[in-house]
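The chain contents come next:
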Amino acid sequence: MKKDNNEEEKSSGVSLEDYIIQDKINAFIQHYKPAKDESTCDEVYTDAKLRQFFKAWPCTLGDPLSIYTNILRESGFIMKVSLSGEPAYFVCQREN
């Protein structure tokens, strides 16, 4: 009987964390800092924009974006509701 992709990934020891790229997280944190609110930020990162930045697309193991957002939260980035009513991170570019 043929295994589906999910069973193959589980049996091979692959986890959702294997899809997380620490260098992308480091790049985000080095380039941005949390902003107080939307009126003081340089950019607004919605789920869609975060997915694009991190290339975090759901797979058979789950949604890697949840891991990225947990790491961002641990680094001081707090998701708030934007003026458009969508959850988002408000960020400012760090000065180099």
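Bear in mind that the values here come from a model prediction, so they are computed numbers and not experimental data.

(A) Seen up close, the packing of helix H3 (residues 47–54) against helix H4 (residues 64–74). Interhelical geometry of H3 versus H4 gives an angle of 100 degrees and a closest axis separation of 11 Å. By the angle between their axes, H3 is roughly perpendicular relative to H4. Between H3, through Asp 47, Leu 50, Arg 51 and Phe 54, and H4, the contact on the second element is made entirely by Leu 65, Tyr 68, Thr 69 and Leu 72. Tallied by class, residues from the contact of H3 with H4 come to five nonpolar, one polar and two charged.

(B) Here's a closer look at the nonpolar core. Formed by 17 residues in total, the largest nonpolar core has its most connected members in Phe 28, Leu 50 and Phe 54. Looking at this core, the elements with two or more residues in it are helix H2 (22–31), H3, H4 and strand S4 (87–93). Tallying contributions element by element places H4 first for this core, with five residues. Look past the residues within four positions of Phe 28 in its chain and what remains in contact with it is Tyr 45, Leu 50, Phe 53, Phe 54, Leu 72, Phe 77 and Val 91. Membership of the second largest hydrophobic core comes to five residues, among which are Ala 35, Cys 41, Ala 88 and Cys 92.

(C) Just the packing of aromatic side chains, in detail. Scanning the entire structure with this criterion turns up nine aromatic pairs. Measuring from ring centre to ring centre gives 5.4 Å for Phe 28 and Phe 77, while their planes differ by 65 degrees; the resulting arrangement is edge-to-face. Of the two residues, Phe 28 is situated in helix H2 and Phe 77 in the loop between H4 and strand S3 (80–81); the sequence distance between them amounts to 49 residues. A single burial state applies to Phe 28 and to Phe 77, both of which are buried. Here the aromatic residues Phe 28, Tyr 32, Tyr 45, Phe 53, Phe 54, Tyr 68 and Phe 77 are joined through ring pairs into a cluster of three or more. Taking the ring centre of Tyr 45 as reference, the NZ or CZ of Lys 49 above it sits at 4.7 Å.

(D) Layout of unusual backbone geometry. One non-glycine residue, Lys 55, lies in the positive phi region at around 55 degrees. Its place among the elements puts Lys 55 in the loop between H3 and H4. Classification of Lys 55 by relative accessible area gives partly exposed; the value is 47%.

(E) A look at the pattern of salt bridges. Evaluated as defined, the whole model comprises two salt bridges. Here Lys 49 and Glu 43 are joined by a salt bridge, their closest N and O atoms 2.7 Å apart. The partner of Arg 51 in a salt bridge is Asp 63, with the nearest N and O atoms 2.6 Å apart. Of this pair, Arg 51 sits in helix H3 while Asp 63 sits in the loop between H3 and H4, and the two are twelve residues apart along the sequence.

Cut-offs used in this document
- Residues numbered from 1 in each chain as written.
- Predicted model: local features only at pLDDT ≥ 70, side-chain atom pairs only at ≥ 80, totals over all residues.
- Heavy atoms only, no water.
- Axes fitted to C-alpha atoms, helices over the stretch in contact; angles between N-to-C directions.
- Helix = DSSP H or I, 4+ residues; strand = E, 2+ residues; numbered from the N terminus.
- Parallel < 35°, antiparallel > 145°, perpendicular 65-115°, else oblique.
- Contact = heavy atoms within 4.5 Å.
- Nonpolar A, V, L, I, M, F, W, Y, C, P; charged D, E, K, R; others polar.
- Core = buried A, V, L, I, M, F, W, Y, C linked by side-chain atoms within 4.5 Å.
- Buried < 20%, exposed > 50% of the residue type's maximum accessible area, 1.4 Å probe, protein only.
- Phe/Tyr/Trp six-rings, centres within 6.5 Å; stacked < 30°, edge-to-face > 60°.
- Lys NZ or Arg CZ within 6 Å of the ring centre and 35° of its normal.
- Salt bridge = Lys/Arg side-chain N within 4 Å of Asp/Glu carboxyl O.

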